[in-house]
Amino acid sequence: MINNIQFNDRGKLRHFLAIEGLSKELLVHILDTAQSFIHPDHQTIKKIPLLRGKAVMNLFFEPSTRTRTTFEIAAKRLSADVINFNISASSSSKGESLTDMLHNLEAMFCDMFVVRHAASGAAHFIAEHISPHVHVVNAGDGCHEHPTQAMLDALTIRQHKGDFSPLKVAIVGDILHSRVARSLIHALNILGANEVRVIAPKTLIPKDAEQLGVQVHHNLRQGIKNVDVIVMLRLQRERMQSAALLPSAHEFFQTYGLTEDILKFAHPNAIVMHPGPINRGVEIASSVADGKKSVILQQVSNGIAVRMAVMALAMGVPLEESGE
Amino acid sequence: MINNIQFNDRGKLRHFLAIEGLSKELLVHILDTAQSFIHPDHQTIKKIPLLRGKAVMNLFFEPSTRTRTTFEIAAKRLSADVINFNISASSSSKGESLTDMLHNLEAMFCDMFVVRHAASGAAHFIAEHISPHVHVVNAGDGCHEHPTQAMLDALTIRQHKGDFSPLKVAIVGDILHSRVARSLIHALNILGANEVRVIAPKTLIPKDAEQLGVQVHHNLRQGIKNVDVIVMLRLQRERMQSAALLPSAHEFFQTYGLTEDILKFAHPNAIVMHPGPINRGVEIASSVADGKKSVILQQVSNGIAVRMAVMALAMGVPLEESGE
Amino acid sequence: MINNIQFNDRGKLRHFLAIEGLSKELLVHILDTAQSFIHPDHQTIKKIPLLRGKAVMNLFFEPSTRTRTTFEIAAKRLSADVINFNISASSSSKGESLTDMLHNLEAMFCDMFVVRHAASGAAHFIAEHISPHVHVVNAGDGCHEHPTQAMLDALTIRQHKGDFSPLKVAIVGDILHSRVARSLIHALNILGANEVRVIAPKTLIPKDAEQLGVQVHHNLRQGIKNVDVIVMLRLQRERMQSAALLPSAHEFFQTYGLTEDILKFAHPNAIVMHPGPINRGVEIASSVADGKKSVILQQVSNGIAVRMAVMALAMGVPLEESGE
C-alpha cells in the first residue's frame, strides 16, 4: 500500500504524496475545503490564520519558479512563515547526503516540506525518513505524480460540470512521461468519472495504460468525440527531440494539436484545460487557448486554493472554525 | 493621453506608471502621504496594516537588487505579502509569451505587480493587458520613466526647501539615457519649480530637451549658478564606453564632476542629490558626497516612504483611517 | 578592548560580534533566553511578537544557504520582517564601496544586519561604521569568530550536562582555520569549563593556542581521554588540499576520525557534537554520527533558539513581558 504513509494512526491525512490509493471522501473534502477559500468574485482569496505560527519550507530540487510561487502564495495566504530553500546553493554540493540534509532542515523547526524532485518516489522517500511531526507535500516527483495539479484540475471540472459521474474526459499528449496525466487519471477514477480517455501516439502511451483505468486512443478526432472535458498536456519539446520520439513540433500540431475545427468533435459544452505553460501552435491553437471554452487561467487560481486546502488538511488544523 | 490608463473610471489612481500627465494635486497627495509614514526621528518607519491580506509581486525583468529591496521593504512595512518572482529562472525560457505569463501570475491572486524592464513602455504594456483588479507600479522602464525615484527626489527637496515655486534645480549627467532625469523633470515642472536646468555634453542631451521644459547647459559652472538643488546622475560607464560617447571617466570628472570648488557656484544653501549608487571621483567628489550639503542617504529613506505611499494609493486603501 | 563596541552606553548588548570579552553573566542570560523559547517537546518553537515591526536584513557576502536559513527562521519566529539581500547580485559589482552600500541599506530603515563575510573582522568593521540605531550580528567572519555557533554549542552542552564547571571538552580537527573552534574556546572558558582541549596535527593548531586557554593534543586517543564532550570540526577538504596541509581525507580519518572504538576512550556519558554539515567517513564515522551519544541535530534546533535570543537581546526588546 504505497499510500499508507500518507495517513497517521487515526487515519487522518498527514502527507499529500499521491492521488493513487486515496478515498473519494477525502478528495471531495479537499475540493470542498479549497472551494471555501475562494471569494465568490473569483478575484480574491482570503488571508486566513489557519497556519499562523507554522513554518513551511519549499524544497525544490528541480527548478520551477511558477509552481514554487503558487505554494509560496498558498502558504502565505494561510499566514504561515515560508522559507525558500535553494538546493543548488546549499551544501548538497558539500557532499552531504539527502537524509542528512533533511534531518538538519527538520531540526530547524519546519512543520512542512513542499518537495519537487526529478526522481519518481522522492517525496515518498522523504516522508519515510522524517520525524512524525513534519508533513510532506509532493509538488511533482519525476514521471510519478503531481497530486495538487490533479486536485486543481478536478476542482475546475467540478466548478463547471458539478457531478463527475456522467463525465467523459480526454487527456491528450505525452501520457508516458506526464506526472500530471498519471495523477489526474487516478483522481478522475476515484471521483467516479464515467470515462477517462488518453490520446497520444503509441510511443507516448505507457504500456500498462489500460490497467490505469483509461481508454486508449491514437486518433484525436475519435478520441475527443463527445467528451465533456479536454485536458491538453504540455509538449516537453526538449525531452521529445532528444529521444527522437517525435519528428517535429509542427507535425505534432498537425496530428494532436487542438484547433477549433477539432474541438467541434467534442461535446458542445466541453471545457478545455491545460496545466501550463502553454505552447501556442504546438499542442493548442491560440484561438482555442483564448476561446470561450478555455478554463486554463481558472486552473491557475484553483491551484492556489487547492494548495491551501492540502496544506491545511495535512497539518491537521481545525478547518471548521477558522475557515469561515 | 499616455497616462489615462493610470486612473480608474472615478479618476482615482490605479497604476503608477509615469509622472508625465499627472496633476500637481496628486503629486502633493503622494508627498503628504509618504511624509506621514516617516517617524519624526527619521530612523524608523512604522509598520502599518494598510495592505494586510494583499499580495504584491516583484517582477524584475532587469536585475536590480537594491530597487527591488526597497519595494520589498515598503510592501512589508504595509503588511502585504511579498513574492519575488525571478524572471530569468521562470518559464520565459520555456517559450511562453509575456502576456501569457502575466495572465498566469494575476490568476494567482496577486493584487499588484511592481515591474522593472529594460524596454521603455513595458509597464504601460503590462497595465494595458491585465485584469481590472490588478495594479501596476513602474520601477523603471528602459530610458522612459522611473516615477517613484522622481517622487522620492521631490520629497527630499520639499523636506529641505518647503515651497517648489522659487526653486532652481540643475540635473547633471547623462540626460539622454536617464529615466531618472526624465521623470524628475516632469515632476518638478508639475510641482511648479521656478527653473529646471539640464547640464551635459551635447551627445548626452536629448534632441527634444527644450520641449521637456528645461534650460540646456553644457558648462557645469554656468549651469549650476545660484541653483538651490543639484541632482547628479550616475555615469553608466558600461553604456558610455561601448557607445564611445565619452573619452573616459577621468575626463568626465574634469568637466562634469561635482567638486567642492564647483559647488561654490551654486546657492550657498544648495543641496546635493544623487539616485545612487554613486561613483566617487567620477561624477561626484567624495568630499561633496559626504559633505554637509549632501542629502543622498535621506533620498534612500524617502524612497521607502514614497513607495509605501504609491502602493497604498494605487491600491485605493482608505488612508485617513489607518495612516494615523 | 575589541568588544567594547558590542555594548551601548548603558552597558547593554547592542551588537553580537564575538564571544571574546563577554561576561559569564551575559552568556548565561543568552542561554536562559534561548532555552525559554524552546517548547518542552523539543519539536516546536513558539512564534512570538518580540520583533514585530522590525526589519532584519541578511547580508551574506560568503554564501551559506543553511546558516542564512537559520537566521531567517529565527527572525520570522520573532515576527520580524526578513530581507535577504543577495550581495553578489547587487551593486558591489557596480564599483560601490562597502561603506556606501551599508549606509544605503541602513537608510532603508533596517534595524539589524546579520553579516557573514570571508574576511576576519568584517562584522566589527560594519558595526563601527553604521548608525547608532542599527544592530549587527556576526554570522561568521573569516577565521575569526562564529559566536552564535558557540552559543548553540554551549546550550546543547548545558542541556545534557547542566553545570560547566566539572566538564572536560575536546575540540578535534582544523583548529587553525576554524572560527567555530575559536568562538567555542572563548565561550567554554568564560562559562567556566574545567578543561578545554584541542586535538589536531601540528599544522592545524594556531601558534598561540595555549594562550587561548586550551591544552594541545596531537593524539586523538590521548586527547579525548575521559572527556565529557567531543566537538568534531568539519574537514574543509577544499582548503586543506590546496594548502597541502594534509595528504588525504582517508588518512585524516585514520588518524583523527571519530569511530566507535576511539569513542571508548572518552567518558562513558560523553556527548558528540559537530557544527555540520558532516563528512561521513572523513572526520566522523556514520555509526558515531547516528549513535546514541550524538547530539548533532539538537545543535541545529538550538541554533534557532540561540539566534532568536541574540537578536532579541541585541535589539533591546523587553523579554520579561513577551517571552512568557
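Definitions and cut-offs
Residues numbered from 1 in each chain as written. Chains lettered and ligands numbered in written order. Predicted model: local features only at pLDDT ≥ 70, side-chain atom pairs only at ≥ 80, totals over all residues. Heavy atoms only, no water. Domains from an automatic or database assignment. Contact = heavy atoms within 4.5 Å. Buried area = accessible area lost by both parts, 1.4 Å probe. Buried < 20%, exposed > 50% of the residue type's maximum accessible area, 1.4 Å probe, protein only. Helix = DSSP H or I, 4+ residues; strand = E, 2+ residues; numbered from the N terminus. Pairing = 2+ DSSP bridges. Right-handed = clockwise from strand over helix to strand, strands pointing away. Salt bridge = Lys/Arg side-chain N within 4 Å of Asp/Glu carboxyl O. Polar contact = N/O pair within 3.5 Å; in protein donor to acceptor, adjacent residues only side chain to side chain. Nonpolar A, V, L, I, M, F, W, Y, C, P; charged D, E, K, R; others polar. Phe/Tyr/Trp six-rings, centres within 6.5 Å; stacked < 30°, edge-to-face > 60°. Least-squares fit on C-alpha atoms with pLDDT ≥ 70 in both.

S.K.: How do you make sense of the domain arrangement of chain A when you look at a structure like this?
M.R.: Interface extent is often summarised as the accessible area lost during association of the parts. Residue and element names in this part refer to chain A. According to the domain assignment, chain A consists of domain 1 (4-146 + 301-322) and domain 2 (147-296). One C-alpha centre belongs to domain 1, the other to domain 2, and the line joining them spans 26 Å. Each partner contributes to the interface: domain 1 provides 36 residues, whereas domain 2 provides 23 residues. Carbon and sulfur atoms supply 64% of the area that domain 1 and domain 2 bury against each other, a total of about 2400 Å² over both sides.

S.K.: Whenever I open this one, the pairing of strand 6 (residues 195-199) of chain C confuses me. Can you help?
M.R.: Residue and element names in this part refer to chain C. By the criterion of burial, strand 6 is predominantly enclosed, with 5 of the 5 residues buried. Going residue by residue along strand 6, you find Glu195, Arg197 and Ile199 tucked away on one face and Val196 and Val198 tucked away on the opposite face as well. Alignment of strand 5 (residues 168-172) against strand 6, held across 5 bridges, turns out to be parallel. From the neighbouring strand, Ile171 faces strand 6, where its bridge partner is Val198. As a crossover connection, the stretch from strand 5 through helix 6 (residues 179-190) into strand 6 is right-handed. Where strand 6 meets strand 7 (residues 215-217), 3 bridges bridge the pair, whose relative direction is parallel.

S.K.: Where do I start with the interface of chain A and chain C in this structure?
M.R.: On the side of chain C, 23 residues touch chain A, which itself brings 24 residues to the contact. Viewed at the interface, chain C and chain A are joined by 3 salt bridges. Among the ionic pairs, Arg280 of chain C bridges to Asp100 of chain A, the shortest N-O distance being 2.6 Å. At the junction of chain A with chain C, the criterion picks out 7 residue pairs in polar contact (both at pLDDT 80 or more). Elements with a minimum of two residues in the side of chain A that touches chain C: strand 1 (55-60), strand 2 (81-85) and helix 3 (98-107) of chain A. Tallied by class, the residues present in the side of chain A that touches chain C amount to 11 nonpolar, 8 polar and 5 charged.

S.K.: Sorry, what's going on with the interface of chain A and chain B here?
M.R.: Counting from both sides, the interface comprises 23 residues of chain A and, opposite them, 24 residues of chain B. Summing both partners gives a buried area of about 2200 Å² for chain A against chain B, and 56% of it is carried by carbon and sulfur. The three residues of chain A that bury the most area against chain B are Gln43, Thr65 and Arg66 of chain A, which together make up 26% of that side's buried surface. Across the chain A-chain B interface, the total number found is 3 salt bridges. With a shortest N-O distance of 2.6 Å, Asp81 of chain B and Lys47 of chain A are connected by a salt bridge. At the boundary of chain A with chain B, the tally comes to 7 residue pairs in polar contact (both at pLDDT 80 or more). Counting only elements with at least two residues in the side of chain A that touches chain B, the list comes to helix 2 (65-77) and helix 12 (296-315) of chain A. Sort the elements by how many residues they give to the side of chain A that touches chain B and helix 2 of chain A lands first, with 9 residues. Looking at the side of chain A that touches chain B residue by residue, the class counts come to 7 nonpolar, 8 polar and 8 charged.

S.K.: Any chance you could explain the packing of aromatic side chains here in plain terms?
M.R.: Two aromatic rings, taken as a pair, are described by how far apart their centres are and by the angle between their planes. Residues and elements named next belong to chain A. Applying the stated rule across the entire model yields 3 aromatic pairs over all chains. Both rings, one in Phe252 and one in Tyr256, keep their centres 5.7 Å apart while their planes meet at 35 degrees; by these two values the pair is tilted. Pair noted here: Phe252 and Tyr256 are both in helix 9 (residues 249-256), with a separation of 4 residues, about one helical turn. The exposure class of Phe252 is buried, given its relative accessible area of 4%.

S.K.: Any chance you could explain the relation of the copies chain A and chain C here in plain terms?
M.R.: Look at the two chain copies: a rotation about an axis and a shift along it is all it takes to match them. In screw terms, the move from chain A to chain C is a rotation of 120 degrees and a rise of 0.0 Å along the axis, fitting with an RMSD of 0.0 Å. What the rotation and shift describe, once combined, is the action of a three-fold rotation axis.

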